[in-house]
Amino acid sequence: MKKTILKKPKGFIDVYKHKAGAEKDRTHYCPGCGHGILHKLIAEAMEDLDIVDDTILISPVGCSVFAYYYFDTGNFQAAHGRAPAVATATSRANPDKVVISYQGDGDLAAIGGNNIIQAANRGENIVVFFVNNAIYGMTGGQMAPTTLEGQVTTTTPYGRNTDTDGYPMKMCEVISQFTAPTYVERVSLHDAPHIRKTRAAVRKALQNAKERKGFQFVEVLSTCPSGWKMDPVKSMEWVKEKMLPLYPLGVYRDKGDEARVINRPVPIMEPATVWEKLGISADADVDFPRGDVPEQYKKMSIRVAGFGGQGIMVTGQALASVALEYGYNVSWLPSYGPEMRGGTANCSVNIQDGVIGAAEAVKPTMLLAMNRPSLEKFEESVVPGGTLIYNSTLIDIEPTRTDIKVFAIPITGMADELGNTRVQSLVNIGAYAAITGAFRVEDIVSLLPKLFKGKKQAIIDLNAKAVKAGFDFVKENF
Amino acid sequence: MADAKYPRSEVNLDKCKGCGLCIAACPKKVLVFSSKLNSKGYHYAEYTGTGCVGCGNCFYNCPEPDAITVYLRNYDPEKEV
Ligand SMILES: Cc1ncc(C[n+]2csc(CCOP(=O)(O)OP(=O)(O)O)c2C)c(N)n1
Ligand code: SF4
Ligand code: SF4
């Protein structure tokens, strides 16, 4: 339908209710800022293409961080440079939606450089509107990757020196190196005819997106009168005189009729289906009744430490898994050295009611030290009145703390006696059960088939013996 | 019949930030800065009252969503809903 009036497009929210402060009827942008012009073109195109309710816009970090104040679409605000990644997830989870990644040049070409390259190369079904204003606007006018040679910014007070700062990055040229993108064009906002061309490019990109035709990239040469310290009209002239020669306008890629609809596998969002794929059954909760647990063992923050191969991680996982069945909130956080095997390893386990804050056991209520370096490293960190279990088979020194409860247990020796060093983990669980009163041996044993899913019955039986051995040792000796 | 009042550009003076982009973009030079200030303290743009050809340049050059409305030649207030 032919327009009879040009007015605030319906792609904008009526009253900017998400905006802080009293002025909910105007933008936060500086007078004459190019962001506003592009916003209007996008809002108008969304209205005319009838996609406002089918669009999700990702706001970046930069002056357009608040784009979600204005657009009457779904919105996410992404971490600096990560808009293409968030857009990727949004688009994959909502394949029928138009997803826009709106980004500045600091966001897209500096901190988010790799993000945009990977998204372009994957040909994500997203539209990228890239505002090239040759500067970091929001933070007060620092050099951007797109800053021109010789341009004065707060971080290039003598002008950008290409010997030290490199050359302006031409992102359309970069993006059009990849095979996947469908449409790549550079446009400009410096005068009315070029704004019309930008308008056409915005509409084309959004139309392609509506048809789910892959990756659309529109670079918009824009202004930052505040960062450039120039009045808005002069800023437009500066774009024309300085930016155009360096950043040639035009279409860098247009697959045209060859552009195809990109269909990706529909993600599985149903928890039940995901559980099934992972081999977890939703109704497997056992809900053991709790026994009498002394006050000091009700809120546990445990560090299990040793070297790789000592079953450190399995011990932690088993502690957390068993506690879960008694209705505790649990967390398990592994921490590996750089080596795959044989290096130091430790993990943190929290077992408590209520919300678990930090997952790392920085000040553990219990330390389970499987070798000497771990005892030396973590003994000091145990809270006063806490508990230390150490592997007396391998640790030939005495602990120094006198304000904690100490249990010396020949963990490795007991496992070896059972015929397999690897059952140390379940010796640990048995000992833990005896010390804290938190688990019953028969409960632990009944969970072993679940903990060692797919393992032979002999292994499960051996681990059951290990649990009993650990438990009995504590009961008989302490 | 379209009203002879149209085309016409109308500045929403309190939303105008006085950047001057509309004034620079107007081919007929019928937009000017007001000598008055709006509530934000800007010399807002205003239409001189005659000569608008309804090209829409001011609308598209203005960065504020709601600072300028342009009633085009075929605008008919009675037909608007
Ligand atoms: C991880 C992180 N690093 C740095 C910043 C600081 N920061 C905020 S905006 C910005 C630059 C934005 O520049 P650009 O993308 O060009 O957008 P403009 O403001 O010019 O529109 C930076 C570095 C941040 N918010 N987060
Ligand atoms: S600082 Fe620059 S980019 Fe940011 S709103 Fe102001 S003019 Fe626009
Ligand atoms: S372009 Fe918009 S904000 Fe700027 S002077 Fe004109 S009406 Fe005001």
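All of the points below concern the structure found in this document. (Residues numbered from 1 in each chain as written. Chains lettered and ligands numbered in written order. Predicted model: local features only at pLDDT ≥ 70, side-chain atom pairs only at ≥ 80, totals over all residues. Heavy atoms only, no water.)

### Notes on a nonpolar patch on the surface
All names here are of chain A.
Step number 1: Side chains of Ile268, Val274, Trp275, Leu278 and Ile280 sit close together on the surface and give an oily, nonpolar patch of about 460 Å² of accessible area.
Step number 2: Tracing the chain through its elements places Leu278 in helix H11 (residues 271–278).
Step number 3: The class of Leu278 is exposed, set by a relative accessible area of 57%. (Patch = residues over 30% accessible without salt bridge, like charges linked within 9 Å, V, L, I, M, F, W, Y side chains within 5 Å. Areas by Shrake-Rupley, 256 points an atom, 1.4 Å probe, with all protein chains shown as cover. Salt bridge = Lys/Arg side-chain N within 4 Å of Asp/Glu carboxyl O. Helix = DSSP H or I, 4+ residues; strand = E, 2+ residues; numbered from the N terminus. Buried < 20%, exposed > 50% of the residue type's maximum accessible area, 1.4 Å probe, protein only.)

### Re the sheet that holds strand S1 (residues 5–6) of chain A
Step number 1: If you walk across this open sheet you meet the 3 strands as S1(A)-S4(B)-S1(B), and the pairing is antiparallel. Looking at which strands have only one partner, the edges of the open sheet turn out to be S1 of chain A together with strand S1 (8–11) of chain B. (Pairing = 2+ DSSP bridges.)

### Describing helix H1 (residues 34–48) of chain A
All names here are of chain A.
Step number 1: For H1, spanning 15 residues, the distance from its first C-alpha to its last is 21 Å, which sits close to the expected 21 Å at 1.5 Å a residue.
Step number 2: Of all 15 residues in H1, 13 are buried, a share of seventy percent or more.
Step number 3: With its phi angle positive at about 60°, Asp50 sits one or two positions after the end of H1. (Expected span 1.5 Å × (residues − 1).)

### Description of the environment of Ser9(B)
Step number 1: Along the chain, Ser9(B) falls in strand S1.
Step number 2: Once you skip the residues sitting within four places of it in the chain, Ser9(B) turns out to touch Leu31(B), Tyr47(B), Cys52(B), Cys58(B), Ile68(B), Thr69(B) and Val70(B). (Contact = heavy atoms within 4.5 Å.)

### Topic: the interface of chain A and chain B
Step number 1: Counting from both sides, the interface comprises 32 residues of chain A and, opposite them, 28 residues of chain B.
Step number 2: Of the roughly 2700 Å² buried where chain A meets chain B, counting both sides, 59% is carbon and sulfur surface.
Step number 3: Considering only the side of chain A, the residues that lose the most area to chain B are Thr4(A), Leu6(A) and Lys40(A), jointly responsible for 27% of the buried surface there.
Step number 4: Counting across the interface, chain A meets chain B through 1 salt bridge.
Step number 5: For Lys40(B), the salt bridge identified is with Glu23(A), shortest N-O distance 3.2 Å.
Step number 6: Taken together, the connections running from chain A to chain B amount to 14 residue pairs in polar contact (both at pLDDT 80 or more).
Step number 7: Per-element tally for the side of chain A that touches chain B: the top contributor is H1(A), with 5 residues.
Step number 8: As judged from the 2 bridges shared by S1(A) and strand S4 (residues 68–71) of chain B, these two strands associate in the antiparallel manner. Counterpart to Ile5(A) in the pairing with S4(B) is Tyr71(B). (Buried area = accessible area lost by both parts, 1.4 Å probe. Polar contact = N/O pair within 3.5 Å; in protein donor to acceptor, adjacent residues only side chain to side chain.)

### Focus: the sheet that holds strand S11 (residues 344–352) of chain A
Residue and element names in this part refer to chain A.
Step number 1: What the 6 strands build is an open sheet, ordered S10-S11-S9-S12-S13-S14; its pairing is mixed. Because the sheet does not close on itself, it has two edges, and the strands there are strand S10 (329–336) and strand S14 (405–409). Each neighbouring strand pair of the sheet contributes to a mean axis angle of 15°, computed without reference to strand direction.
Step number 2: Judged from the 4 bridges that link them, strand S9 (residues 300–307) and strand S12 (residues 366–369) form a sheet pairing that is parallel. Counted as the bridge partner of Ile302 is Met366 from S12.
Step number 3: On top of the sheet, helix H14 (residues 411–418) reaches S12, strand S13 (387–391) and S14; it is set at about 50° to S13, its chief contact. (Axes fitted to C-alpha atoms, helices over the stretch in contact; angles between N-to-C directions.)

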